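# Summary of structural features
What follows is the residue order along each chain.
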Amino acid sequence: MSRIGKNPILIPEEVKVSLDGSAVKVSGPNGSLEFNCRKEMIISQNDGVILVKRDSDNREQKSLHGTTRQIINNMVIGVSKGFSKELEIIGVGYQAQAKGSRLHLQLGFSHDIYFDIPDDVKVSANNRTEIKVEGIDKQLVGAVAAKIRSFRPPEPYKGKGIRYKGEYVISKQGKTVGAK
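Here's what I pulled together on the structure shown here. Keep in mind it's a predicted model, so treat the numbers as computed, not measured.

Analysis parameters
Residues numbered from 1 in each chain as written. Predicted model: local features only at pLDDT ≥ 70, side-chain atom pairs only at ≥ 80, totals over all residues. Heavy atoms only, no water. Pairing = 2+ DSSP bridges. Helix = DSSP H or I, 4+ residues; strand = E, 2+ residues; numbered from the N terminus. Axes fitted to C-alpha atoms, helices over the stretch in contact; angles between N-to-C directions. Contact = heavy atoms within 4.5 Å.

### Details of the pairing of strand β8 (residues 95-99)
- Examined bridge by bridge, β8 and strand β9 (residues 102-106) share five bridges and lie antiparallel to one another. Note on β9: the bridge partner recorded for Q97 is H104.
- Adjacent in sequence and paired antiparallel, β8 and β9 are bridged by two residues, among which G100 carries a positive phi angle near 65°.

Here it is in structure tokens:
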């Protein structure tokens, strides 16, 4: 039995879950999400708890058991609390501004970068050096944050670039000029 897959998912009072065959729909105060799981996974709902089981012990079903459970758990957390990622910009002249459905980034290139924000995600730029990505879909929030970070990842010599809040970047020593 999968260590993660066998754990029950507790459903908060404000969240409603509907099961229709292999389709799972979760709705709550922040919105609603849908997921079509594999037919081999058996999903049951009893007394405010969701259980995910598998019908055999072959390798593929073992690998999907914990993944399916965690995706449904993330859906329940997303529609009740939501997810967020925080990024910080380090560098002289590096800044970000949220303008409507676009994020305007100045990252030391000869041109500015305009990033179109997906509809399901909210991006805010506080004091021009901090970016906060929020949404109900954990995968989408992480993907948007990773895309923003990819425009200028932190470099190892001066540490300039976009990094996750609290991320530690290992610094390298620069070149030294040897005497002859």
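### Thoughts on the sheet that holds strand β7 (residues 83-90)
- Taken in spatial order, the four strands make up an open sheet running β11-β12-β7-β13, and their pairing is antiparallel. The open sheet has two free edges, formed respectively by β11 (121-126) and β13 (161-164), since each of these has just one partner strand. Taking the axes of each pair of neighbouring strands and ignoring which way they run, one obtains an average angle of 25° across the sheet.
- Lying on the sheet, helix α2 (residues 138-150) is in contact with β7, β11, β12 (130-135) and β13; it crosses β7 at an angle near 5°.

### Focus on the sheet that holds strand β2 (residues 16-20)
- Read across the sheet, three strands follow the order β2-β3-β4 without closing on themselves; strand pairing throughout is antiparallel. The strands lining the two open edges of the sheet, one partner per strand, are β2 and β4 (31-36). With direction set aside, neighbouring strand axes in the sheet form an average angle of 15°.
- As paired elements, strand β3 (residues 23-28) and β4 share six bridges and run antiparallel to each other. If you follow V24 over to β4, its bridge partner there is F35.

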